[in-house]
Amino acid sequence: MSTIDTPQSLTITRPDDWHLHLRDGAALASVLPHSARQFARAIVMPNLKPPVTTTAMAQAYRERILAALPAGMRFEPLMTLYLTDNTDPDEIRRAQDSGFVHAVKLYPAGATTNSDAGVTDLARCYKTLEVMQEVGMPFLVHGEVTDQEIDLFDREAVFIERVMRPLRRDMPELKIVFEHITTKDAAQYVAEADGPIAATITAHHLLYNRNEIFKGGIRPHYYCLPVLKREEHRLALMTAATSGDERFFLGTDSAPHAVGAKETSCGCAGCYTALHAMEMYTEAFERAGALDKLEAFASFHGPDFYDLPRNTGQVTLKREAWTLPQSVPMADSTLVPLNGGEQINWKLL
Ligand SMILES: NC(=O)N[C@@H](CC(=O)O)C(=O)O
Ligand SMILES: [Zn+2]
Ligand SMILES: [Zn+2]
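All values reported here derive from a predicted model rather than from experimental measurement.

When helices and strands are tallied, the chain shows 11 helices and 13 strands. Computed over C-alpha atoms, the radius of gyration of the chain comes to 19 Å, within 12% of the 20 Å expected from 2.2 N^0.38 for 349 residues, which places it in the range of a compact globule. Taken along the three principal axes of its C-alpha coordinates, the chain extends 65 × 45 × 45 Å. In the chain, which comprises 349 residues, the proportion classed as buried is 57%.

Have a look at this one:
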């Protein structure tokens, strides 16, 4: 006779999402309730069209998010600015003084969805970065080089050598979040680096390797940037996330795209996980035998790094099978979540 030694439910401090795409307009209204159900707060990415480049734009976007929140739901959007070659250093001071802008985001020009207005050369931004370093404004980095000569699967590792090391040498006190890391190189770099650096890790990069994109045919809903990597990298991310190291924390990178923009000959990058993010992370931590490490990763390390208070409420995850919808409405179209139509083993109550 065997005994069941795995818990049937898990109660933790209410978690936050430190990397989220909410979009705007009708799409925002469709996706926001999913994240608000899962998380108390989220760092909201600024890659709208046009991008959120000023404190005034961030304030207006924040108000649109709060206006789209269904009655009775609580959710705090933590706003970010999109860095461009022309971001004025004074804009950083305005952002810092606002109290609602919590970070500035680097999109290397052309690296990912809506990054055309991104930075062409970080050297152009040094005056602005110096002010960020001075006032303690975190710098969130999409860490991939855009050099087309570099193999797609190597772009994160090459970014560490070409961009991250020189930047951190020049600005050793700048607070940096290496966003959505996908490689053992990045996990090791962050774990060993001196100074104020951390990394977010998505649930899909913990659960899947690159084979998932090609299982039985090409599966566009598993395509995101940085793209899923080899199994050895997934294992390194699992080790980092479940290590208890305060430098690693939760960021879903949930990135909604209408079904037509994903299921097409040149589909957009982005996985939608906002419906079941905590269930996915719980599954990953359980597989690693590390459910006791989930709370710190999901609810403590993020606010500690951002100098924000930890949440006070709690949530419970129950071991209960349920089926994720195949698709959900998004604006005048539909959205296919990652794992659409599949059975999920945990349920966020
Ligand atoms: N992660 C993605 O694949 N896509 C994101 C952009 C990003 O986070 O790089 C998006 O905005 O769709
Ligand atoms: Zn990104
Ligand atoms: Zn993202």
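So that's the structure; there's more coming.
This part is about the side chain of His 21. When you line up the elements, His 21 lands in the loop between strand E2 (17-20) and helix H1 (25-38). Among the polar contacts made by the side chain of His 21, one reaches the side chain of Asp 253 at a distance of 2.9 Å. Ignoring anything within four residues of it in the chain, the contact list for His 21 reads Met 45, Asn 47, Tyr 107, Asp 253, Ser 254, Ala 255 and Pro 256.

The next point concerns the UniProt feature "active site" (unreviewed entry) in the chain. As recorded in UniProt, the feature "active site" (unreviewed entry) lies at Asp 253. Apart from the residues within four sequence positions on either side, Asp 253 is in contact with His 19, His 21, His 180, Thr 202, Leu 225 and Cys 271.

This part is about the coordination of the zinc ion (ligand 3). The zinc ion (ligand 3) binds to the protein through His 19 (NE2), His 21 (NE2) and Asp 253 (OD); the donor distances cover 2.0 Å. Geometry at the zinc ion (ligand 3) is irregular, judged from its four donor atoms and the angles of 94 to 138° they form at the metal. Sequence positions of the residues that donate to the zinc ion (ligand 3) give the spacing H-x1-H-x231-D. A spacing of 3.8 Å is found between the zinc ion (ligand 3) and the zinc ion (ligand 2).

With that settled, consider helix H4 (residues 126-135). Taken together, the buried positions of H4 are Thr 128, Leu 129, Val 131 and Met 132. Burial along H4 is one-sided: seen end-on, the buried residues are contained in an arc of 155°. The exposed residues of H4 that point more than 90 degrees off its buried face are Lys 127 and Glu 134. Once H4 finishes, Gly 136 follows within two positions and takes phi at roughly 80°, a positive value.

Next up on the list: the pattern of salt bridges. Counted by the stated rule, this structure contains 19 salt bridges. When the shortest N-O distance is used, the salt bridge between Arg 41 and Asp 16 registers 2.8 Å. Here Arg 41 is found in strand E3 (residues 41-44), whereas its partner Asp 16 is found in the loop between strand E1 (9-13) and E2, with 25 residues between them in sequence. Taking the relative accessible area as the measure of exposure, Arg 41 reaches 6% and is therefore buried. In this structure Asp 16 comes out as buried when scored by relative accessible area, which is 0%. One salt bridge in this structure joins Arg 234 and Glu 231, with 2.8 Å as the shortest N-O distance. Within this pair, Arg 234 and its partner Glu 231 are both found in helix H8 (residues 231-241), separated by three residues, close to a single helical turn. One continuous salt-bridge network, built from bridges that share partners, spans Glu 212, Lys 215 and Arg 219.

Two elements in contact, helix H5 (residues 155-170) and helix H6 (residues 184-192), have axes separated by 9 Å at closest approach and are oriented at 25°. By the angle between their directions, the pair H5 and H6 is classed as roughly parallel. Between H5 and H6 the crossing geometry is right-handed. Contacts from Glu 156, Ala 157, Ile 160, Met 164, Arg 165 and Arg 168 in H5 reach Asp 185, Ala 186 and Tyr 189 in H6. Taken together, the residues of the contact of H5 with H6 break down into five nonpolar, no polar and four charged.

This brings us to the site of ligand 1. Not every one of the 15 residues close to ligand 1 is listed here, only the nearest: Arg 23, Asn 47, Thr 112, Leu 225 and Asp 253. Side-chain polar atom of His 142 to an oxygen atom of ligand 1: 3.0 Å apart, as the coordinates give it. Between an oxygen atom of ligand 1 and a main-chain N or O atom of Leu 225, the distance comes to 2.8 Å. In isolation ligand 1 has 320 Å² of accessible area, and contact with the protein removes 100% of it.

What counts and what doesn't
- Position numbers for residues start from 1 in each chain and track the written sequence from start to end.
- Just so you know, chain letters begin at A and ligand numbers begin at 1, following the order they were written in.
- This being a predicted model, a pLDDT of at least 70 is required before a residue's local features are given, and a value of 80 or more before pairs of side-chain atoms are given or counted; all residues contribute to the totals for chains, interfaces and linings.
- The side-chain numbers reported here are obtained from all heavy atoms of the structure, hydrogens and water having been left aside.
- For helices the rule is a DSSP run of H or I covering at least 4 residues; for strands it is a run of E covering at least 2, with both sets numbered from the N terminus onward.
- In this treatment the radius of gyration is a C-alpha quantity, and the globule benchmark scales as 2.2 Å times the residue count to the 0.38 power.
- Only protein chains enter the area calculation, which uses a 1.4 Å probe; residues under 20% of their type maximum are buried, those over 50% are exposed, and those in between are partly exposed.
- Two N or O atoms count as a polar contact when they lie within 3.5 Å, although within protein this holds only if one can serve as hydrogen donor and the other as acceptor, and sequence-adjacent residues are included solely when both atoms are side-chain atoms.
- Residues count as neighbours in contact if any of their non-hydrogen atoms are within 4.5 Å of one another.
- UniProt positions are given in the numbering used here, feature names are shortened, and annotations may be inferred rather than shown by experiment.
- Excluding water, the donors of a metal are its N, O and S neighbours within 2.8 Å, or within 3.2 Å for Na, K and Ca, and that exclusion means sites may look incomplete.
- Just to be clear on the cut-offs, tetrahedral is four donors with all angles between 85 and 135 degrees, square planar is four donors and octahedral six with opposite donors over 155 degrees apart and all others between 65 and 115, and anything else goes down as irregular.
- The directions from the helix axis to the C-beta atoms are what the arc is built from.
- Between Lys or Arg on one side and Asp or Glu on the other, a salt bridge is scored when a side-chain nitrogen of the former is within 4 Å of a carboxyl oxygen of the latter.
- The angle between two axes is taken between their N-to-C directions and runs from 0 to 180 degrees, where each axis is a line fitted to C-alpha atoms and a helix contributes only its stretch in contact.
- Should an angle fall under 35 degrees it is taken as roughly parallel, and over 145 as roughly antiparallel, whereas 65 to 115 is taken as roughly perpendicular and any remaining angle as oblique.
- The handedness criterion is simple: a crossing whose near helix is rotated anticlockwise from the far helix by less than a right angle is left-handed, and one whose near helix is rotated clockwise is right-handed.
- Residue classes follow a fixed rule: Ala, Val, Leu, Ile, Met, Phe, Trp, Tyr, Cys and Pro count as nonpolar, while Asp, Glu, Lys and Arg count as charged, and any other residue, Gly among them, counts as polar.
- In these notes, residues near a molecule or strand are those with any non-hydrogen atom within 4 Å of it.
- Here the accessible surface of atoms and residues is derived via Shrake-Rupley with a 1.4 Å probe, and residues count as covered only by protein chains that are part of the display.

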